[in-house]
Amino acid sequence: MPTTMVKGSVPMEMKKVSISAKRQITIPQKFFAMLGFDTEAECMVRGNELVIRPVKTNAGGEFAEQILAELISQGYSGTELLDCFRKAQKEVRPAVEAMMMEAERVAASETEYASYKDVFGGEGNE
């Protein structure tokens, strides 16, 4: 049965799993379904934690229209447009992941956050 804990303001569920002699684990069914796993998982080390998460196959697809519009406005077309689009699309996911990691550090009070005033210099047009 999963144990529910709170880390900062984020509820976490935890369940102890066995590791086989071949270093294999089974993802609990509830977690598998809740997180949307399919046939692949990403595995990474974050500090002293092992993070296993579902592979996101839509890397940058949600920004496709904006990427294309920007590249077209810059004068790209044909094969050059396709090449630039593929390159830009590959850069979206690492940028989003970096922002998410920074947000996690801010949430864990490991780093300072930037306020609206820090970013924009005030609330009105000055």
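Quick look at the structure, then. As a convention, each chain's residues are numbered from 1 in the sequence order in which they are written. Side-chain atom pairs in this predicted model are given and counted only at pLDDT of 80 or more, local residue features only at pLDDT of at least 70, and totals for whole chains, interfaces and linings cover all residues. Heavy atoms from the whole structure form the basis of all side-chain values; hydrogens and water molecules are not counted.

### Details of the overall build of the protein chain
The number of helices and strands found in the protein chain is 4 helices and 4 strands. Here a helix means four or more residues in a row that DSSP labels H or I, a strand means two or more in a row labelled E, and each is numbered from the N terminus. Walking the protein chain from its N terminus toward its C terminus, one meets helices and strands in the order β-β-α-β-β-α-α-α. The rule is simple: take the accessible area with a 1.4 Å probe, protein chains only, and divide by the maximum for that residue type; under 20% is buried, over 50% is exposed, in between is partly exposed. Buried residues in the protein chain amount to 11% of all 126 residues. The contact criterion used is simple: two residues touch if any of their non-hydrogen atoms lie within 4.5 Å. The long-range share in the protein chain, meaning contacts at least 24 apart out of those at least 6 apart in sequence, stands at 20%. Per-residue accessibility takes into account occlusion by the displayed protein chains alone, with areas from the Shrake-Rupley method and a 1.4 Å probe. As displayed, the protein chain offers around 10,700 Å² of accessible surface, 56% of which is attributable to carbon and sulfur atoms.

### Remarks on the pattern of salt bridges
Criterion for a salt bridge: a side-chain nitrogen of Lys or Arg within 4 Å of a carboxyl oxygen of Asp or Glu. Considering all chains together, one arrives at 3 salt bridges under this definition. Among the ionic pairs, Arg-53 bridges to Glu-42, the shortest N-O distance being 2.9 Å. Of this pair, Arg-53 sits in strand β4 (residues 49-54) while Glu-42 sits in strand β3 (residues 41-46), and the two are 11 residues apart along the sequence. Note on Glu-42: relative accessible area 22%, which makes it partly exposed. Its salt-bridge partner being Arg-46, residue Glu-49 comes within 3.9 Å of it at the nearest N-O pair.

### Structural notes on helix α3 (residues 78-107)
An ideal rise of 1.5 Å per residue puts 44 Å on 30 residues; α3 measures up with 44 Å between its terminal C-alpha atoms. Contacts from the buried residues of α3 go to β3 and α2 (64-73). Once α3 ends, the next one or two residues include Ser-109, with phi positive near 60 degrees. Expected span of a helix, by definition, is 1.5 Å for each gap between consecutive residues, and there is one gap fewer than residues.

### Things to note about the pairing of β3
Note: β3 against β4, 6 bridges, orientation antiparallel. Each bridged residue has a counterpart across the sheet, and for Ala-41 the counterpart in β4 is Pro-54. Here β3 folds back onto β4, and the loop between the two strands holds 2 residues, one of which, Gly-47, carries a positive phi near 65 degrees. Strands are treated as partners if at least two bridges between them are detected by DSSP.

### A short note on unusual backbone geometry
Phi angles above zero are rare outside glycine, and Arg-23 is one such case at about 65 degrees. Among the structural elements, Arg-23 can be located in the loop between β2 (10-14) and α1 (29-35).

### Concerning α2
Those residues of α2 not exposed but buried are Ala-64, Ile-67 and Leu-71. On an axial view of α2, the arc spanned by its buried residues comes to 70 degrees, and they lie on one face. Set apart from the buried face of α2 by more than 90 degrees, the exposed residues are Glu-65 and Ser-73. What the arc describes is the spread of directions from the helix axis to the C-beta atoms.

### Examining the nonpolar core
Residues grouped as a nonpolar core are buried Ala, Val, Leu, Ile, Met, Phe, Trp, Tyr and Cys residues, joined through side-chain atoms within 4.5 Å. Residues Ala-64, Ile-67, Leu-71, Leu-81, Phe-85 and Val-92 constitute the largest nonpolar core, which totals 6 residues. Among the elements of the structure, α2 and α3 are those that each provide at least two residues to this core.

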